[in-house]
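Each chain, written out:
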Amino acid sequence: MTDIRPLPARVLPLAGESLLSLLRRTIEVMGYEGFDRLRFVLSETGKLPWNINSLGHSPVFDHLASLLGTSHEVLRDLTFDGYASHLVLVSRQEPLAKACDSKTLLKYFTAEPFPVCPVCLRQDPIPYERLSWCFRAMPVCREHRCWLLSHCPSCGKRLQSFRPKATNCRCGCMLADQVPPTLDGCAVQAMDTLHALFLSRTSILTGMEPPAMCWWTERLASAVGKTPYSIEATRSRLGLEASVSTRHVAWLAAGDIVGNWPEGLYRFLDQVRNREKPDSSSIGFGFRFRLLLRDAAQLENLGYATPAQAIRDYLADDMAVGHLGPKVSLFKQAAEDSQLRRRDWITQTEAARRLNVRNPLVRRLIEQGILSGQVQTTTKSGRTVAV
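Worth saying up front: this structure is predicted, and the values here are computed from it rather than measured.

With that out of the way, let us pick up the overall build of the protein. Along the backbone of the protein there are 17 helices and two strands. For the protein, the share of sequence-separated contacts (at least 6 apart) that also reach a separation of at least 24 residues comes to 61%. Accessible surface, the protein: about 19000 Å² in total, of which carbon and sulfur atoms supply 51%.

As a volume, the largest pocket reaches approximately 610 Å³. In terms of lining, the largest pocket is formed by 30 residues, of which the most central are Pro-139, Trp-147, Leu-148, Val-244 and His-248. Roughly 380 Å³ of internal volume is contained in the second largest pocket.

With that settled, the discussion passes to the pattern of salt bridges. Evaluation of the coordinates by the stated rule reveals 15 salt bridges. Lys-107 is paired through a salt bridge with Glu-218; the nearest N and O atoms lie 3.5 Å apart. Placement of the pair is Lys-107 in helix α5 (residues 102-108) and Glu-218 in helix α8 (residues 210-225), with a sequence separation of 111 residues. Judged by relative accessible area, which is 10%, Glu-218 ranks as buried. For Glu-218, the salt bridge identified is with Arg-219, shortest N-O distance 2.9 Å.

The next thing to look at is the nonpolar core. Counting residues in hydrophobic clusters, the biggest one holds 85 residues, and the most contacted among them are Phe-135, Phe-198, Trp-216, Leu-240 and Ile-311. For this core, the element with the most residues is α8, which contributes nine residues. In contact with Phe-198, other than residues within four places in its own chain, are Tyr-83, His-86, Leu-87, Tyr-108, Phe-135, Ala-137, Met-138, Cys-214 and Trp-251. Within the second largest apolar cluster, 17 residues are counted, among which are Cys-120, Cys-152, Cys-173 and Leu-175.

As enumerated under the stated definition, the model contains zero disulfides in all. There is no disulfide at Cys-146, and the cysteine sulfur nearest it, in Cys-117, is 3.6 Å away.

Right, let's talk about the packing of aromatic side chains for a bit. In the structure shown here, the tally under the stated rule is ten aromatic pairs. With a centroid separation of 4.9 Å and an interplanar angle of 70 degrees, the aromatic rings of Phe-35 and Phe-162 are classed as edge-to-face. Remark: Phe-162 occurs in the loop between α6 (118-123) and α7 (186-198) and Phe-35 occurs in helix α2 (residues 35-42); sequence separation between them is 127 residues. Note on accessibility: Phe-35 and Phe-162 belong to one class, buried.

Moving on, we get to the packing of helix α9 (residues 228-238) against helix α10 (residues 246-259). Closest axis-to-axis distance for the α9/α10 pair is 9 Å, and the angle between their directions is 70 degrees. When the axis of α9 is compared with that of α10, the two are roughly perpendicular. Residues Ile-231, Thr-234, Arg-235, Arg-237 and Leu-238 of α9 pack against Thr-246, Val-249, Ala-250, Leu-252, Ala-253 and Asp-256 of α10. Broken down by class, the residue content of the contact of α9 with α10 amounts to six nonpolar, two polar and three charged.

Rules used in this analysis
Residues numbered from 1 in each chain as written. Predicted model: local features only at pLDDT ≥ 70, side-chain atom pairs only at ≥ 80, totals over all residues. Heavy atoms only, no water. Helix = DSSP H or I, 4+ residues; strand = E, 2+ residues; numbered from the N terminus. Contact = heavy atoms within 4.5 Å. Areas by Shrake-Rupley, 256 points an atom, 1.4 Å probe, with all protein chains shown as cover. 1 Å grid on protein atoms, 1.4 Å probe; cavity = no way out; pocket = protein on both sides within 12 Å on 5 of 7 lines; lining within 4 Å. Points joined across faces, edges and corners; volume = space filled by probe spheres on them. Salt bridge = Lys/Arg side-chain N within 4 Å of Asp/Glu carboxyl O. Buried < 20%, exposed > 50% of the residue type's maximum accessible area, 1.4 Å probe, protein only. Core = buried A, V, L, I, M, F, W, Y, C linked by side-chain atoms within 4.5 Å. Disulfide = S-S within 2.5 Å. Phe/Tyr/Trp six-rings, centres within 6.5 Å; stacked < 30°, edge-to-face > 60°. Axes fitted to C-alpha atoms, helices over the stretch in contact; angles between N-to-C directions. Parallel < 35°, antiparallel > 145°, perpendicular 65-115°, else oblique. Nonpolar A, V, L, I, M, F, W, Y, C, P; charged D, E, K, R; others polar.

Don't take any of this as a statement about function, it's just geometry.
What follows is the structure in structure tokens.
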């Protein structure tokens, strides 16, 4: 195919519009019955992906740009690749990414359904869908601070991406007439932090570039989502109703943590440290903090040390529970390991090594009054960790 004529009826992209929304408006202006006609026109060069907003540079992308009479740069800004420069994690030495890989797409964007803000659709002179509504991290409209709608309130089904009109569900329900619940209190501040990070591309933390900041926030949300006590504590602190999904609560908790750094991080680490294991077996260090230490160490290896240093300070200065040593990912380097040696307590293993006795004997000697010290454990039935 060498000559592609633009469609006779074209529409201009609106501020923040998604590619899916632009195609829907184009189809409506052209008088097509649905997306099938557009798929047929593009069939010579390939297929549209199920999630149109994830369309990357390809023959289909080139064909579509020609049909719409739009430059590649403008069309790219309507897709997820427009956010690639501050979402794809790279080291400080590498250039910023120009396209989102599959892992980044799965990490930050919804696949289906695509939520909408009824208030925006109602107030828009020309109703259209924003690309930012696809972010997993932002289930709330930035302008109206109301929860986005992902399911039809009439039929209860998920909103289908290929419905004829953005304002209507396939069942006929007028989405623009709905009145969604709003966010208030401390939750607004947490959501503002997420908006600043993902939409305004603000770094927030010193020494952290936007890609690293987004990656770390997602890792925090994942960690919170796996800690039921933290989920319930966040609901209470931010005033969230029980109907708010765990995923949304976790993202708001992550926004609250980075927005109140480092106190927010220390509060979460306290919650993780003090939780109990379901059975009576001893609780290891990895069980309490899961992969958060590894994630912080990975960022530090890429040149972003802020999260790792904050966690090191917490563990070394405030925590007398858990085995800390060179085997822990954040203390493998000699400089970090020396930080542990400045503490006023040592592990039972270290005490046994210095006394040249078996490990269990240390505790018995303390209990018998032969040695002066204090024994602390991870749980009431857990293993000894500090003397």
